[in-house]
Amino acid sequence: PENRDIPAEWVQLMIDQRKTLEGRQRLAIDSFLICFGLMGMNAIDMFTCSKAKDGIVHYYRTKTTERKDDKAEMYVRIEPCIMAIINDYKGKERLFDFHVRHANSKSFGSALNDGLRQWIKRNKLDKDFTFYSARHTWATIAASKKVDIDYAIVTEGLTHSDASRAMDKIYIRKDWERVWDANAKVLALFRWE
């Protein structure tokens, strides 16, 4: 498939505009930024995500959990700039209150994409994109010359498998700190309010 990333300037525009938005646009932009800041957490995983412990989100990526030996296990450190957005959506039983606001993860995902379409139109942008573009954008920026994160770390951050490194995973325990530091470098490219 074609690359679905968006320019870093559009991410900054989201950050700059988020507090002026309302309704679905605000929900969509905030959720996009949360997804981006959590290294591409999918909408369904945001919908079902358990509370963080000591600033770390632990979850199994729903989309690929059945296809991976580690069940697509993820640990993501929540950076302060992202926690500031999460605080607007904190749930009582789960990390987010999206399950209270929406009937199911499908309606949540539809609301996000609808809000993004509205935001794209509002800003007269020349490219359509969906919520899933946050994941592509994080990976593209992480691997770019500006940040220069090693592809292996980007791959780990996305919970993707590298067949050529399958044996490595048996012998080497994943160092989440390296992935978290890479994420912090990506987020440091932006001016967060």
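Up top is the structure.
Report on the accompanying structure. (Residues numbered from 1 in each chain as written. Predicted model: local features only at pLDDT ≥ 70, side-chain atom pairs only at ≥ 80, totals over all residues. Heavy atoms only, no water.)

### A word on the packing of helix 1 (residues 8–17) against helix 2 (residues 23–37)
Then comes step 1: Two elements in contact, helix 1 and helix 2, have axes separated by 10 Å at closest approach and are oriented at 125 degrees. Taken together, the axes of helix 1 and helix 2 are oblique relative to one another. The handedness of the crossing between helix 1 and helix 2 is left-handed. Residue-level inspection shows Val11, Met14 and Ile15 of helix 1 in contact with helix 2, the latter providing Ile29, Phe32, Leu33 and Phe36.
Then comes step 2: Of the residues assigned to the contact of helix 1 with helix 2, the class counts are 7 nonpolar, no polar and no charged. (Axes fitted to C-alpha atoms, helices over the stretch in contact; angles between N-to-C directions. Helix = DSSP H or I, 4+ residues; strand = E, 2+ residues; numbered from the N terminus. Parallel < 35°, antiparallel > 145°, perpendicular 65-115°, else oblique. Left-handed = near helix turned anticlockwise from the far one by under 90°. Contact = heavy atoms within 4.5 Å. Nonpolar A, V, L, I, M, F, W, Y, C, P; charged D, E, K, R; others polar.)

### Quick word on the nonpolar core
Then comes step 1: Among the nonpolar cores identified, the biggest contains 60 residues, and Met14, Phe36, Met46, Phe96 and Phe129 are the most heavily contacted of them.
Then comes step 2: Apart from residues lying up to four places away in sequence, Phe36 is in contact with Val11, Ala134, Thr137, Trp138, Ile141, Asn183, Val186, Leu187 and Phe190. (Core = buried A, V, L, I, M, F, W, Y, C linked by side-chain atoms within 4.5 Å. Buried < 20%, exposed > 50% of the residue type's maximum accessible area, 1.4 Å probe, protein only.)

### Here's the deal with the pattern of salt bridges
Charged atoms that come close allow side chains of opposite charge to pair.
Then comes step 1: Inspection of every chain in the model, using the stated rule, returns 11 salt bridges.
Then comes step 2: The salt bridge involving Asp88 is made with Arg26; its shortest N-O contact spans 3.2 Å. Placement of Asp88 in the loop between helix 4 (80–86) and helix 5 (98–101) and of Arg26 in helix 2 is noted, with a sequence separation of 62 residues between them.
Then comes step 3: In this structure, Glu177 engages Arg77 in a salt bridge whose closest nitrogen and oxygen atoms are separated by 3.8 Å. Residue Glu177 is found in helix 10 (residues 176–187), and its partner Arg77 is found in strand 2 (residues 73–77); the two are separated by 100 residues along the sequence.
Then comes step 4: Taken together, the shared-partner salt bridges connect Arg18, Arg26, Asp30 and Asp88 into one network. (Salt bridge = Lys/Arg side-chain N within 4 Å of Asp/Glu carboxyl O.)

### Observations regarding the environment of Asp114
Then comes step 1: Mapping Asp114 onto the fold places it in helix 6 (residues 105–122).
Then comes step 2: Separated by 17 residues in the primary sequence, Asp114 and Phe131 have C-alpha atoms spaced 9.6 Å apart.

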